[in-house]
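For reference, the chains in residue letters:
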Amino acid sequence: MSELALFYVTFATRADAERVAETVLAERLAACANILAPCTSLYLWHGELERAEEVPVLFKTRPMLATRLRERIAVLHPYDLPVIESWTATAGADVTAWVEAETR
């Protein structure tokens, strides 16, 4: 078992999600981007309750690329304040080897 870095990021549109996912994959900063079904997000913004439909994306990469991936997503993301959540997860050797091979 080895570690992977996972990122959860929401986007306003599927097109934005796909654009950012395709870019970081092409740049080999991530090995996979799972674009999920739209969700309803409730959040406070400038003291007001907001409601928006967003498209979540789960990115998978090597832990050593986590900082670079976070910085790149932040640059590409259209939001003024994108929430880029990350954590490490344990994966089997085959999955970890695949992520390593695809991000080299």
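Residues numbered from 1 in each chain as written. Predicted model: local features only at pLDDT ≥ 70, side-chain atom pairs only at ≥ 80, totals over all residues. Heavy atoms only, no water.

Observations concerning helix H2 (residues 66–76)
Taken residue by residue, H2 has Ala66, Leu69, Ile73 and Leu76 as its buried positions. Mapping the buried residues of H2 onto a view down its axis gives an arc of 100 degrees, with all of them on the same face. In H2, the exposed positions that point more than 90 degrees away from the buried face belong to Thr67, Arg68 and Val75. For H2, the secondary structure elements touched by its buried residues are strand S1 (2–11), helix H1 (14–26), strand S4 (48–61) and strand S5 (84–91). (Buried < 20%, exposed > 50% of the residue type's maximum accessible area, 1.4 Å probe, protein only. Helix = DSSP H or I, 4+ residues; strand = E, 2+ residues; numbered from the N terminus. Arc of directions from axis to C-beta. Contact = heavy atoms within 4.5 Å.)

Quick look at the environment of Glu85
Checked against the element boundaries, Glu85 lands in strand S5. The exposure class of Glu85 is partly exposed, given its relative accessible area of 39%. Sequence spacing of Glu85 and Met64 is 21 residues, and the spatial spacing of their C-alpha atoms is 16 Å. The residues touching Glu85, leaving out its near neighbours within four places in the chain, are Leu6, Phe7 and Tyr8.

Things to note about the pairing of strand S3 (residues 39–45)
Each regular strand displays side chains that alternate between the two surfaces of the sheet. In terms of strand pairing, S3 meets S4 through seven bridges, oriented antiparallel. Its bridge partner being in S4, Leu44 is matched across the sheet by Leu49. (Pairing = 2+ DSSP bridges.)

Things to note about a nonpolar patch on the surface
Taken together, Leu42, Leu44 and Leu49 make up a surface patch of nonpolar side chains, about 360 Å² in accessible area. Relative to the assigned elements, Leu49 resides in strand S4. (Patch = residues over 30% accessible without salt bridge, like charges linked within 9 Å, V, L, I, M, F, W, Y side chains within 5 Å. Areas by Shrake-Rupley, 256 points an atom, 1.4 Å probe, with all protein chains shown as cover. Salt bridge = Lys/Arg side-chain N within 4 Å of Asp/Glu carboxyl O.)

Comments concerning the layout of surface pockets
Taken as a whole, the largest pocket spans an internal volume of roughly 430 Å³. Considering the residues around the largest pocket, the lining is formed by 17 residues, among which Tyr43, Glu54, Tyr79, Leu81 and Val83 are closest to the centre. When contributions to the lining of the largest pocket are tallied by element, the ones reaching two or more residues are S1, S3 and S4. Counting residues per element, the lining of the largest pocket draws most heavily on S3, at four residues. Looking at the lining of the largest pocket residue by residue, the classes come out as 11 nonpolar, two polar and four charged. (1 Å grid on protein atoms, 1.4 Å probe; cavity = no way out; pocket = protein on both sides within 12 Å on 5 of 7 lines; lining within 4 Å. Points joined across faces, edges and corners; volume = space filled by probe spheres on them. Nonpolar A, V, L, I, M, F, W, Y, C, P; charged D, E, K, R; others polar.)

Details of the side chain of Ser41
Here Ser41 shows up in strand S3. Looking at Ser41, the relative accessible area reads 14%, which means it is buried. A polar side-chain atom of Ser41 sits 2.5 Å from a polar atom in the side chain of Glu54. With near-sequence residues (within four places) excluded, Ser41 lies in contact with Glu50, Arg51, Ala52 and Glu54. (Polar contact = N/O pair within 3.5 Å; in protein donor to acceptor, adjacent residues only side chain to side chain.)

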